[in-house]
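# Structural overview
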Amino acid sequence: MRKLAFLTTIYAIDERYITDFFDSLINQTDTEFDLIILNDGYLELSALKKQYSGLSIIELKSANNIALNRERLIKYAIDNNYCFALFGDKDDYFDSNRVQVSKSLLESNDIVVNDLTSFSSVGVISEKILSRRIVNNSEYR
């Protein structure tokens, strides 16, 4: 059993976003994680599983409710004794060291929040979206 569960929900969306998502996960410097996908109506997941056979992919069925879907992902991670969980959206793209850095930070922190950059086909829309509100290395009790 791997220590880290990378959790996401997938549904019908522009294919280029899904390809970017999977490409960024297959190219992680630390590949010791299970990708837990809650399938909410995406019909081509079996093809993606074949295309990205280097990833350890576990598929869960949808609860047909956004909040219950997240709950199902978290419950699966807890019930299967994962030490850490990362959330990512199927339209996200991650630096190649995202899993490695997150896992390292989670060794000594309960929660780690990554900053976000929003972009479109024409370029960057907004940078450091979260750090405008959260100070780096802050502790909240």
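Read on for an overview of the structure. (Residues numbered from 1 in each chain as written. Predicted model: local features only at pLDDT ≥ 70, side-chain atom pairs only at ≥ 80, totals over all residues. Heavy atoms only, no water.)

On to the environment of N81. Relative to the elements of secondary structure, N81 occurs in the loop between helix 3 (66-79) and strand 4 (84-87). For the pair N81 and L4, spaced 77 residues apart in sequence, the C-alpha separation works out to 9.4 Å. (Helix = DSSP H or I, 4+ residues; strand = E, 2+ residues; numbered from the N terminus.)

This brings us to the packing of aromatic side chains. Centre distance and the angle of the planes are the two values used to describe a pair of aromatic rings. The final tally for this structure, using the stated rule, is 6 aromatic pairs. Note on F6 and F21: the rings are 6.2 Å apart at their centroids and 70° apart in plane angle, and the pair reads as edge-to-face. In this pair, F6 sits in strand 1 (residues 4-10) while F21 sits in helix 1 (residues 15-26), placing the two residues 15 residues apart along the sequence. The pair F6 / F21 is uniform in exposure class, with both members buried. (Phe/Tyr/Trp six-rings, centres within 6.5 Å; stacked < 30°, edge-to-face > 60°. Buried < 20%, exposed > 50% of the residue type's maximum accessible area, 1.4 Å probe, protein only.)

What follows deals with the sheet that holds strand 1. Taking strand neighbours across the sheet as the criterion, the 4 strands line up as 3-2-1-4 in an open arrangement whose pairing is parallel. Two strands close off the open sheet at either side, each with one partner strand: strand 3 (56-61) and strand 4. Strand-to-strand, the axes of this sheet are offset by a mean angle of 25°, without reference to chain direction. Pairing of strand 1 with strand 4 involves 4 bridges; the strand directions are parallel. Bridge pairing in strand 4 places L4 opposite F84. (Pairing = 2+ DSSP bridges. Axes fitted to C-alpha atoms, helices over the stretch in contact; angles between N-to-C directions.)

For A77, the location among the structural elements is in helix 3. The buried category is assigned to A77, whose relative accessible area is 5%. Put simply, A77 and F6 are 71 residues apart on the chain and 9.2 Å apart in space, counted from C-alpha to C-alpha.

Attention now goes to helix 1. Note that an α-helix has 3.6 residues per turn; residues three or four places apart therefore point the same way. Taking 1.5 Å of rise per residue, the 12 residues of helix 1 would be expected to cover 16 Å, and the 16 Å separating its terminal C-alpha atoms lies within 8% of that figure. Contacts from the buried residues of helix 1 go to strand 1, strand 2 (33-39), helix 2 (45-51) and strand 3. (Expected span 1.5 Å × (residues − 1). Contact = heavy atoms within 4.5 Å.)

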